[in-house]
Amino acid sequence: MLYRETGQFKASYVEDMAILPIRQDRIGLFAILAFAFVGVPLMATFQIWPFGSEYLLRAILLPFLILALAAIGVNILIGYCGQISLGSGAFMAIGAYSAYKFGTGIGEIGLPPLPPILAILLGGLCSALVGILFGIPSLRIKGLYLAVATLAAQFFFDWVFLRVKWFTNYAPSGSVSAPELRFFGYLVETPIEKYLLALTFATVFALLAKNLVRGAIGRQWMAIRDMDIAAELMGIRPFYAKLSAFAVSSFIVGVAGALWAFVYLGSWEPLAFSIDRSLQLLFMVIIGGLGSILGAFLGAAFILILPIFLNQALPVLAAPVLGLGDTLGWHWLSEFGRHMTSTEVVTHLEFIIFGSLICFLLIKEPHGFARLWALAKEKLRLWPFPY
Amino acid sequence: MTAVIPYGIGTALAALMFVLLRKDRKSVVDMSVHIALAIVAAIFIGFLTVQAIANPGGFLEILIGGLLAGVLYSLVALGFVLIFKASGVFNYAQGAMVLVAGLALVRCLDFMVASGLPFALALVIALAFAVAVMALTATVIEKHVLRPLLNQDGLTLFMSTIGATFVLEGLAQMVFGSDVYPLRLFPTDAWFLMENLFQGGILVNKLDVWGGLIAGILVVSLAAFFQYTKTGRALRAVADDHAAAQSVGIPISWIWFVVWLVAGIVALVAATVWGTKLGIQFSITFLALKALPVLIIGGFTSVPGAIVGGLIVGAGEKLAERYLGEMIGGGIEYWFAYVLALAVLLVRPQGIFGEKIIERI
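Conventions adopted
Residues numbered from 1 in each chain as written. Chains lettered and ligands numbered in written order. Predicted model: local features only at pLDDT ≥ 70, side-chain atom pairs only at ≥ 80, totals over all residues. Helix = DSSP H or I, 4+ residues; strand = E, 2+ residues; numbered from the N terminus. Rg over C-alpha atoms; globule rule 2.2 N^0.38 Å. Buried ≥ 20, exposed ≤ 12 C-beta atoms within 10 Å, placed from the backbone. Contact = placed C-beta atoms within 7 Å. Axes fitted to C-alpha atoms, helices over the stretch in contact; angles between N-to-C directions. Parallel < 35°, antiparallel > 145°, perpendicular 65-115°, else oblique. Left-handed = near helix turned anticlockwise from the far one by under 90°. Nonpolar A, V, L, I, M, F, W, Y, C, P; charged D, E, K, R; others polar. Domains from an automatic or database assignment. Core = buried A, V, L, I, M, F, W, Y, C linked by C-beta atoms within 7 Å. Expected span 1.5 Å × (residues − 1). Bend = angle between axes of the 7 residues up to and from the residue. pLDDT = per-residue confidence, 0-100.

Chemist: I keep staring at the overall build of chain B and nothing clicks. Help me out?
Modeler: Looking only at helices and strands, chain B features 14 helices and 2 strands. A globule of 361 residues ought to have a C-alpha radius of gyration of about 21 Å, and chain B, at 22 Å, matches this closely. Dimensions of chain B along its principal axes, counting C-alpha atoms only, are 65 × 60 × 40 Å. Residues counted as buried form 43% of the 361 residues belonging to chain B. For chain B, long-range pairs separated by at least 24 residues make up 74% of all intrachain contacts whose partners lie at least 6 apart in sequence.

Structure below.
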C-alpha cells in the first residue's frame, strides 16, 4: 500500500538512471543513513537502549561496518567480475601493514610519518598494486583454479608479514600497534568516534562502488563474468577489465584491512588476516548475494552476528534443561545440560549450527539475501492485493 | 667455473620447456610471463644442481624424504580428484573427512583394546566402524547437501562443502572428543640406506615408505575398480557427462554416494598414515589446504596427476626449504607449494595431467 511507484514520473535521463529510482527507497535509505549518522551517536551519548552500552558499538557495529566494506571489495571481484578469490585476507593484511609503514614513517627513504587518513588510503593503493600483480594469472586461469591460485597470495603474504621484520618495524613480538588516529587535527578515541569514522568510510566507498558497477567499467565486469569469450568478441578487453576489477577490489579490501587494524584492532598480528578471514569474507559475499552492494552489508551482518548470537544463546537455551534436571532430580539430564554448556561443546555446537545454516541458506536461496530482499520488494509492491 | 655446468643444465632445461610450450603462448603477456618463469626455473634448477654436486648424499636424502612426504599429500588429494571427477564438486571437506575417519578409527580402536580384545580383531572392527561412519557421512552429504544443490554453479557447491566442513569438524569433535589421539599402526623409526656409498648413509623414515606403499596399492586398486567393475565404468560415464550417463540408465545419486564413500575410504587410509605421523588431531584438517596445490599441479581430474603432483610438491618444498629457506628466512614450506602451483597454472592452466579445457560460446 505504501510501497508504490505509481505517479512517480521520470522526466529526464538523470532521473531515470538514479541509483534509487523509487521515492520510497530514497526515503528509506536517507532515514537509515540519518539514523546511523545522527541517531546512533546521540543514543550512545545519552545511554539510550540498545546503543547505551559500549559493547554494541565496539564489538558489533564497528567490525560490521569494516567487514561490510571489505565484503563490498570482494563482491566487486567475485560478484561483478566473476573472478573467485580466496586471498582477500592477504589483501587486508597488505592494506594494514603498508598503512602501518606509512603511518609510522619509512626512515630508509626519509619519509616522515604520514597522517592516518593518507596512510590508510596509501595502504589501499599498495594493496591495489599487489592485487593487479596477482590478477595477472586470471587472464589465463578461470573459476576454482583461480581460487586456488589466489591462495598463493594468502599464504605468501601470511609468511611475509610474519618473517620480514621490516614490515613490523622490528617489533620483537611481531605484534604492532597502530599510530595515533588523528584526523585533520581531531583525535579519534572513543567507540562513538571510531564508529562514525568507519561509517563514513563504509558509506563513501559503498557509494563509490555502486556508481562504479553502474557505469561502463561495471558493465564490462559483468560481461566478463557472464561469459568472458563472448565479452571479448564484443570488444571488451579482458586484460583491462579483469585487472581493473582486481585493482578496485583490492583497493577497497586494503582500505578495509587498514581500518580493521587501525580502528578496530588497535594492535594486531599477522594471524588477524589468515585464511579464515578470507573464507569469512567469501561467506559474507555468497550469503549476502553475489553482485549486490546491499548484499555485502546483509551478508556481513549475518556472518558476523550469527556466531556472537550462538555463543550467547546456547548456554541460555541449555539452562532450562539443567534446571529441569535439577528439579526432577534426574541426574543424567542435569549432567547432559552441564555438558552442553561447557565452553568446548558450545564451540563445537557453534561450528555445527553455523555450518548447517550455511548449507541451508545455500540450498534455499543460492542467490543470497539480496535476492530475498528483491523478492520481498516485488511482493510489497502488490501488497495487500496481489493479482 | 664449477657453477657454469649446473647453470648450463638449468638454462638448457628451461629453454627446452620454453620451446615445448611455444603453442601455448597467445599474447605478449603470455610471452613475458613465460620468459620470466623460464629465467626463474633456470636459476632454481642450476642452484639445486650446484647443491647436489656439492653434497650428493644430503641432496638425495632430502629428495627422497620430500618425494615420500609428497606421496602422503597425494593420499589426501586423491579424495578430491575422485569427487571432482564424478560430480564436479570441489570438495573442501576432504580434510574434515580425514579427521572424521581418523577419529572414528582411533576412538573405536582404543575402546576395543581397552575392553580386552586382541589388537588385530580390534583393528578390524575399528576399520569397519570407520567405514560405516564414512558411509553415513557420504549418505548425509549426498542426500542433504548435494542433491538439493544440483545444477548450481561450482562456487555455490564449493561454499556448501565449506559449510559441510564446519558441521563435520564440530560433530566429529563433539562425538569423539577433541584431544590428540596417538595412533600406532606403522613403524616410525628411521632407516639408513646406502651406507657404503655416502658417509652416514641416507636417512629414510619407515613410515614414509609405508605411506608410499599404501598409496601405490590404493592407486592400483582404484584404477582396477574404475576399469573392471560395473560401478567403476558407471562412475567414469558420470564423470564424462552427467546427462548422457543418466539417459542410459545410470542412477546418478547412487553413483555419487559411491564416489563419496570411496573418497571417505581414501580419507580413512590417509588418516591411518597421517595419524601415525602426527596423531589424530584437529590440525589434520589443514591437510586439505596442503592438498590443493598438489591438485593444481597434477590437474583436478587426474588420478595419476594427484600422485605426480604430490611428488613434485613434496620434493620441491623440502628442497626449497633446505636450500633457499636459510637464505630468505625459513618457513617457506608454508607457501612454496602454492607459488609453485601458481607458476604451473600460468604455463598450463589445466595442470600437468588435466584434460584440456575447451570453451565454447
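After that view of the structure, there is still more to cover.
Chemist: Looking at this structure, I do not really get the overall build of chain A. What am I missing?
Modeler: Within chain A, the regular secondary structure consists of 15 helices and 4 strands. By the compact-globule yardstick of 21 Å for 387 residues, chain A fits well, its C-alpha radius of gyration being 23 Å. Taken along its principal axes, the extent of the C-alpha atoms in chain A is 75 × 70 × 45 Å. Within chain A, residue pairs in contact and separated by at least 24 positions form 75% of the contacts whose partners lie at least 6 positions apart.

Chemist: For this particular structure, what's the right way to read the environment of Gly305(B)?
Modeler: Residue and element names in this part refer to chain B. Here Gly305 shows up in helix H12 (residues 303–323). Exposure remark for Gly305: the 24 C-beta atoms within 10 Å place this residue in the buried category. Counting along the chain gives 231 residues from Gly305 to Ser74, while the straight-line C-alpha distance between them is 9.0 Å. Those residues in contact with Gly305 that sit more than four places away from it in its chain are Gly298, Gly299, Gly351, Ile352, Phe353 and Gly354.

Chemist: Any chance you could explain the packing of helix H4 (residues 94–114) of chain B against helix H6 (residues 154–176) of chain B here in plain terms?
Modeler: When two helices pack together, you describe them by how their axes are tilted relative to each other and by the distance separating the axes. Residues and elements named next belong to chain B. One way to put it is that H4 packs onto H6 with a least axis distance of 9 Å and a crossing angle of 15 degrees. In terms of their interaxial angle, H4 and H6 are classed as roughly parallel. Crossing of H4 against H6: the hand is left-handed. Where H4 abuts H6, its residues Ala96, Met97, Leu99, Val100, Leu103, Ala104 and Arg107 lie against Thr165, Leu168, Glu169, Ala172 and Phe176. Here the residues of the contact of H4 with H6 sort into 9 nonpolar, 1 polar and 2 charged.

Chemist: I tried to follow the domain arrangement of chain A on my own but got confused; where do I start?
Modeler: Accessible area lost upon the coming together of the parts is a frequently used measure of interface size. Residues and elements named next belong to chain A. Split by domain assignment, chain A resolves into domain 1 (59–288) and domain 2 (309–375). The distance between the C-alpha centroids of domain 1 and domain 2 comes to 33 Å. Facing 4 residues of domain 1, the contacting portion of domain 2 comprises 5 residues. Its residues assigned to classes, the side of domain 1 that touches domain 2 shows 3 nonpolar, 1 polar and no charged.

Chemist: Which parts of the structure should I look at to understand the interface of chain A and chain B?
Modeler: Opposite the 37 residues of chain A that make contact, chain B presents 40 residues. When residues in the side of chain A that touches chain B are grouped by element, the largest group, 13 residues, is from helix H14 (residues 343–364) of chain A. The residue makeup of the side of chain A that touches chain B, split by class, is 30 nonpolar, 4 polar and 3 charged.

Chemist: Would you explain the nonpolar core in this entry?
Modeler: Soluble globular proteins tend to pack their nonpolar side chains together in the buried interior. In terms of nonpolar packing, the biggest core is built from 224 residues, with Ile66(A), Leu69(A) and Leu259(A) touching the most fellow members. Among the domains, domain 1 (59–288) and domain 2 (309–375) of chain A are the pair contributing at least three residues each to this core.

Chemist: What is the right way to look at unusual backbone geometry in this model?
Modeler: What you tend to see is this: most non-glycine residues have negative phi, and most peptide bonds are trans. Phi is positive for Asn169(A), close to 50 degrees, though the residue is something other than glycine. Tracing the backbone through its elements, the reader meets Asn169(A) in the loop between helix H6 (143–163) and strand S1 (176–177).

Chemist: Explain helix H2 (residues 28–54) of chain B to me, please; I cannot follow it from the model alone.
Modeler: Owing to its 3.6 residues per turn, the α-helix brings residues three or four apart onto one side. In this model, H2(B) (27 residues) spans 39 Å end to end at C-alpha, consistent with the 39 Å of a helix rising 1.5 Å per residue. Among all positions in H2(B), only Ala38(B), Ala42(B), Gly46(B) and Leu48(B) are buried.

Chemist: Where do I start with the environment of Leu61(A) in this structure?
Modeler: Residues and elements named next belong to chain A. Looking at the secondary structure, you find Leu61 in helix H3 (residues 54–80). When the C-alpha positions of Leu61 and Ile109 are compared, they lie 38 Å apart, and in sequence the two are 48 residues distant. Apart from the residues within four sequence positions on either side, Leu61 is in contact with Leu56 and Tyr195.

Chemist: Hey, could you run me through helix H3 (residues 56–87) of chain B in this one?
Modeler: All names here are of chain B. In this model H3 runs 45 Å from its N-terminal to its C-terminal C-alpha over 32 residues, within 8% of the 46 Å that 1.5 Å per residue would give. Val76 marks the point of greatest bend in H3, at about 30 degrees. The buried count for H3 comes to 25 of 32 residues, which makes it a mostly enclosed element.

Chemist: Please explain the confidence of the model for chain B as it appears in this structure.
Modeler: Interpreting fine coordinate detail is not advised for predicted regions of low pLDDT. Confidence in the prediction for chain B averages 84 pLDDT; 97% of positions are at 70 or higher. ipTM for the predicted complex: 0.84, alongside a pTM of 0.89.

Chemist: Before we go on, may I ask you to explain the environment of Ser356(A) in this structure?
Modeler: By the secondary structure assignment, Ser356(A) is in helix H14. For the pair Ser356(A) and Ala296(A), spaced 60 residues apart in the sequence, the C-alpha separation amounts to 21 Å.

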